[in-house]
Amino acid sequence: MLVFILISICKANTFEVNEAYAGFQCFAVNDGTDITMFHLRHLKTGAELIAVETDDEEESFDISFKTPSNNSHGTAHALEHILLSYPSRKYDFANGPDVLVLLRLNMWNAHTFPSITNFVFSSGHPQDFNKALRLYMDRVLFSNFGEYPESLKREAWRYELKSLDSQVKYNGIVMSEVKGVHNSVRNEGFFPGTPERFDSGGLPSEIPKLTFSELKKFYSHNYHPSNSKIGLIFKTDLKSRLEIMDEYFSEFSHKQFDKKLPYTTIYGGKESRRGYSQNTDSVGPRTHFTYYMGFETSRTR
Ligand SMILES: [Zn+2]
């Protein structure tokens with residue numbers, strides 16, 4: 001308890017256990033040698049957040065949603081591409097990636113894992129960080145891509161005829177990415193009876209079965225704060241970031257999700273809450289953190 005009190009005296013951003021701010025409640029604090037980690041939960045929706053306070057100039061944010069596949073149509077992968085690119089409630093076409101490029105971000109990206117989809121960015125400029133956070137919240141949680149059926153054709157798959165005497169071929173960004181890299185045999189063999197037996201990235205033979213209504217249904221079911229876990233590495237300000245997230249999360253009601261992955265046996269058969277591990281051998285002055293929140297997987301594309 002003495003440790004917790006000292007932490008909160010020394011660091012303006014910090015929280016004590018059971019303290020609440022902007023709709024989030026702190027339920028655990030881990031004090032490391034030179035970092036402190038706060039585990040918070042959004043009271044209304046149950047969204048979980050691990051916030052790591054460091055002295056690094058670079059601050060980073062990521063939000064992950066559990067997105068298990070029902071087939072190998074590449075639904076999760078197509079949405080990963082679509083959401084940051086297509087308009088949302090407050091950000092039209094001109095205010096998406098073009099704005100992110102103009103902001104002083106060190107990195108912005110999205111990833112499809114076997115059972116989760118992840119959206120991430122980092123910046124050394126707090127004001128630009130907060131602008132990016134608003135854009136991410138709006139684009140991911142309040143997407144209007146459903147008004148743009150062409151998003152499926154552009155990002156996932158479409159027929160293409162280059163000339164009248166050529167053959168009709170499939171094209172599309174996701175289709176192009178996965179050609180030649182699919183691994184259906186491995187998935188089927190390693191994960192029988194689980195969503196992992198499907199390829200979340202999509203198989204070239206299956207992607208043309210993806211429909212626009214399937215995309216919209218997958219989005220409306222999975223992209224909900226109650227189905228999210230968030231990581232935040234911060235130096236300057238935790239509270240303003242909580243306020244921004246609460247502004248968006250509070251528009252949702254709590255929804256029940258099973259956040260466990262089907263093969264978490266790699267962490268002893270249960271959701272791991274080991275906190276962070278600090279890799280002091282990392283190259284250069286930056287510190288590498290790994291935290292486990294139950295969504296951890298080993299492959300990405
Ligand atoms: Zn991709």
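Computed from a predicted structure; not experimentally measured.

1. Quick look at the sheet that holds strand S5 (residues 59-66)
Then, in step 1: Ordered in space as S1-S2-S3-S4-S10-S5-S7-S6, the eight strands form an open sheet in which the pairing is mixed. One side of each edge strand has no neighbouring strand; the edge strands of this open sheet are strand S1 (20-21) and strand S6 (105-112).
Then, in step 2: Sheet topology note: the strand S4 (residues 48-53)/strand S10 (residues 228-234) ladder contains six bridges and is parallel. Within S10, the residue paired with Val52 across the bridge is Ile233.
Then, in step 3: Contacts from helix H2 (residues 75-85) reach S6 and strand S7 (116-123) within the one sheet, and its direction differs from that of S6 by about 150°.

2. With respect to the environment of Val29
Then, in step 1: Tracing the chain through its elements places Val29 in strand S2 (residues 24-31).
Then, in step 2: Val29 sits in the partly exposed class, given 19 other C-beta atoms within 10 Å.
Then, in step 3: Taking the C-alpha atoms as reference, Val29 lies 7.9 Å from Phe15; in sequence the two are 14 residues apart.

3. As for the pairing of S10
Then, in step 1: Of all seven residues in S10, seven are buried; the element is thus mostly enclosed.
Then, in step 2: Sheet topology places S5 next to S10; six bridges connect them, and they run antiparallel. Within S10, the position partnered with Phe61 by the bridge is Leu232.

4. Quick look at the confidence of the model for the protein chain
Then, in step 1: Taken residue by residue, the protein chain gives an average pLDDT of 82. The fraction at 70 or more is 77%.
Then, in step 2: In the predicted structure, residues 264-301 sits below a pLDDT of 50 and forms 56 contacts with residues beyond four places in sequence or in another chain.

5. Concerning the nonpolar core
Then, in step 1: Leu49, Ala51, Ala78, Tyr136 and Ala156 are the most contacted members of the largest nonpolar core, which totals 51 residues.
Then, in step 2: For this core, the leading source of residues is helix H4 (residues 126-141), giving eight residues.
Then, in step 3: Not counting residues up to four positions away in its chain, the partners in contact with Tyr136 are Ile63, Phe119 and Phe121.

6. Thoughts on unusual backbone geometry
Then, in step 1: Phi angles above zero are rare outside glycine, and Asn18 is one such case at about 80°.
Then, in step 2: As for its placement among the helices and strands, Asn18 is situated in the loop between helix H1 (2-10) and S1.
Then, in step 3: Its identity is not glycine, yet Ala22 carries a phi of approximately 50°, on the positive side.
Then, in step 4: Looking at the element boundaries, Ala22 is found in the loop between S1 and S2.

7. Some details on the pairing of strand S3 (residues 36-42)
Then, in step 1: Across the seven residues that make up S3, a large majority, five, are buried.
Then, in step 2: Pairing of S2 with S3, which is carried by seven bridges, proceeds in the antiparallel orientation. Residue pairing for S3: Gln25 is matched across the bridge by Arg41.
Then, in step 3: Pairing geometry for S3 and S4, over six bridges, is antiparallel. Note on S4: the bridge partner recorded for Arg41 is Glu48.
Then, in step 4: Here S3 hands over to S4 after five residues, with Gly46 in that stretch at a positive phi of 85°.

8. Some words on the environment of Ile63
Then, in step 1: Inspection of the secondary structure puts Ile63 in strand S5.
Then, in step 2: Take Ile63: there are 24 C-beta atoms within 10 Å of it, and that puts it in the buried class.
Then, in step 3: Note: C-alpha distance between Ile63 and Pro225 (162 residues apart in sequence) is 9.4 Å.
Then, in step 4: With residues near it in sequence (within four places) discarded, Ile63 still touches Phe119, Tyr136, Val140, Ser228 and Ile230.

9. Some remarks on helix H9 (residues 239-249)
Then, in step 1: What H9 keeps buried is the set Arg241, Leu242, Met245, Asp246, Tyr248 and Phe249. Down the axis of H9, the smallest arc covering the buried residues is 160°, so these residues share one side.
Then, in step 2: Buried residues in H9 make contact with S1, S2, S3, H4 and S10.

Cut-offs applied
Residues numbered from 1 in each chain as written. Predicted model: local features only at pLDDT ≥ 70, side-chain atom pairs only at ≥ 80, totals over all residues. Pairing = 2+ DSSP bridges. Helix = DSSP H or I, 4+ residues; strand = E, 2+ residues; numbered from the N terminus. Contact = placed C-beta atoms within 7 Å. Axes fitted to C-alpha atoms, helices over the stretch in contact; angles between N-to-C directions. Buried ≥ 20, exposed ≤ 12 C-beta atoms within 10 Å, placed from the backbone. pLDDT = per-residue confidence, 0-100. Core = buried A, V, L, I, M, F, W, Y, C linked by C-beta atoms within 7 Å. Arc of directions from axis to C-beta.

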